[in-house]
Amino acid sequence: CHGEHHDGTSPITDQYQAVNGGHHGDDSTIDGSTVTKSYRFLYGIIGFEDSDWEYRPTSTTHNQYHGDARGSTGAPPSDTSTISYLCAECHGDFHAGSGKLATGTTAASPWWRHPIDFDLSDATGSEYANYGGASNTYQVVTPVASDLGTSVTNTGSTTDLGTVLSGSGSDAIVTCISCHRAHGTPHYKMMRWDYAGGIGGDCDNCHTTKN
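Residues numbered from 1 in each chain as written. Predicted model: local features only at pLDDT ≥ 70, side-chain atom pairs only at ≥ 80, totals over all residues. Heavy atoms only, no water.

> Looking at this structure, I do not really get the overall build of the protein chain. What am I missing?
A count of helices and strands for the protein chain gives two helices and four strands. In sequence order, the secondary structure elements of the protein chain are arranged as α-β-β-β-α-β. The buried share of the protein chain, taken over its 211 residues, is 38%. Long-range pairs, those at least 24 residues apart, make up 53% of the contacts in the protein chain between residues at least 6 apart in sequence. Accessible surface, the protein chain: about 11,700 Å² in total, of which carbon and sulfur atoms supply 52%. (Helix = DSSP H or I, 4+ residues; strand = E, 2+ residues; numbered from the N terminus. Buried < 20%, exposed > 50% of the residue type's maximum accessible area, 1.4 Å probe, protein only. Contact = heavy atoms within 4.5 Å. Areas by Shrake-Rupley, 256 points an atom, 1.4 Å probe, with all protein chains shown as cover.)

Take a look at the structure:
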């Protein structure tokens, strides 16, 4: 997941040089240009890093992931600095396709795989627009991404958290890790909740009429 140690131009093969300075470099700006300047050392990925690594996350103090919304066409996004792109480097079939079928062909309902890179804030009038309730509060258990542009000022403040479901811009993008935890869980397929053993778990945070 963290990729090869890299100097921004080519991989570093010397073991000492590969780790030298990485943890002590200037990461005040996260733009993906080096390992140090990438989100959590995930080379090329950007995002806002919660100062206590989400030890006790809240709706206003949490990691903010970078996303790229597909828009109404359903075409695959081209941004390679998003958190879902990171997952797609191995799980490409779950990300790279267009429309409703991840292998590249648009198919009729239902979805063959759960869609990602779609922005809930564009779902005006649907159940998805009710994510987070009347105030559209960010839900820690089902995190959504924001389009953070090309870089993030990693100051430890909440100013870069994005405006979740503001109705303007791409600010509530469904990602792979909206439902899965990258570092594993005790649940089926690393789900954030007991989806297989329960009745949908916290799916109703997005599918708000299904609760």
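From this point, the narrative continues.
> Help me out: how do you make sense of the nonpolar core in this one?
Note that soluble globular proteins tend to have their nonpolar side chains buried in a common cluster. In terms of nonpolar packing, the biggest core is built from 22 residues, with Tyr39, Tyr65, Ile83 and Leu120 touching the most fellow members. Sequence-distant contacts of Tyr65, that is, excluding residues within four places in its chain, are made with Tyr39, Glu54, Ile83, Tyr138, Pro143, Ala145, Ser146, Leu148 and Ile177. (Core = buried A, V, L, I, M, F, W, Y, C linked by side-chain atoms within 4.5 Å.)

> Just to check I follow, could you spell out the packing of aromatic side chains for this structure?
Two descriptors summarise a pair of aromatic rings, namely the distance from one centre to the other and the angle between the planes of the rings. Here the structure, examined in full by the defined rule, presents one aromatic pair. Arranged with centres 6.0 Å apart and planes meeting at 75 degrees, the rings of Tyr39 and Tyr65 form a pair that is edge-to-face. With Tyr39 in the loop between strand S1 (29–30) and strand S2 (47–48) and Tyr65 in strand S3 (residues 64–65), the pair connects residues that are 26 residues apart, well separated along the chain. Judged by its relative accessible area of 8%, Tyr65 is buried. (Phe/Tyr/Trp six-rings, centres within 6.5 Å; stacked < 30°, edge-to-face > 60°.)

> Which parts of the structure should I look at to understand unusual backbone geometry?
Glycine aside, negative phi is the norm for most residues, and most peptide bonds take the trans geometry. In this model, Glu54 sits at a positive phi of 60 degrees, which is unusual for a non-glycine residue. Locating Glu54 in the fold gives a position in the loop between S2 and S3. Notably, Lys189 is not glycine yet its phi reads approximately 55 degrees, a positive angle. Structurally, Lys189 is set in the segment after strand S4 (152–153). Overall, the relative accessible area of 56% leaves Lys189 in the exposed class.

> Whenever I open this one, the pattern of salt bridges confuses me. Can you help?
It is possible for side chains bearing opposite charge to pair when their charged atoms get close. A complete count under the given rule lists three salt bridges for this structure. For Asp117, the salt bridge goes to Arg70, with nearest N and O atoms at 4.0 Å. Here Asp117, found in the loop between helix H2 (83–88) and S4, pairs with Arg70, found in the loop between S3 and H2; they are 47 residues apart in sequence, far enough to count as distant. The same class applies to Asp117 and to Arg70, which are both buried. A salt bridge links Lys210 to Glu127, with the nearest nitrogen and oxygen atoms 2.7 Å apart. Of this pair, Lys210 sits in the segment after S4 while Glu127 sits in the loop between H2 and S4, placing them 83 residues apart in sequence. For Lys210, a relative accessible area of 56% puts it in the exposed group. (Salt bridge = Lys/Arg side-chain N within 4 Å of Asp/Glu carboxyl O.)

> Quick question: what am I supposed to make of the confidence of the model for the protein chain here?
Within the protein chain, residue pLDDT values average 77, and 73% of them lie at 70 or more. Below a pLDDT of 50 lies the segment residues 101–108, which in the model reaches 19 contacts outside its immediate sequence neighbourhood of four places, other chains included. Long-range and interchain partners of residues 156–169, a stretch whose pLDDT sits below 50, account for 34 contacts in this model, where long-range means more than four residues apart. (pLDDT = per-residue confidence, 0-100.)

> Help me understand the side chain of Asp50 in this model?
Here Asp50 shows up in the loop between S2 and S3. Put simply, Asp50 is tucked away with no salt bridge, and the nearest opposite charge, on Arg40, sits 5.9 Å away. When neighbours within four sequence positions are excluded, Asp50 is seen to be in contact with Arg40, Tyr55, Thr61, His62 and Asn63. (Lys, Arg positive; Asp, Glu negative; His and termini not counted.)

> Is there a simple way to think about the environment of Gly132 in this case?
Looking at the secondary structure, you find Gly132 in the loop between H2 and S4. Remark: the alpha-carbon pair of Gly132 and Asp204, spanning 72 residues in sequence, is separated by 10.0 Å. Aside from chain neighbours lying at most four places away, what touches Gly132 is Thr137, Gln139 and Asn205.

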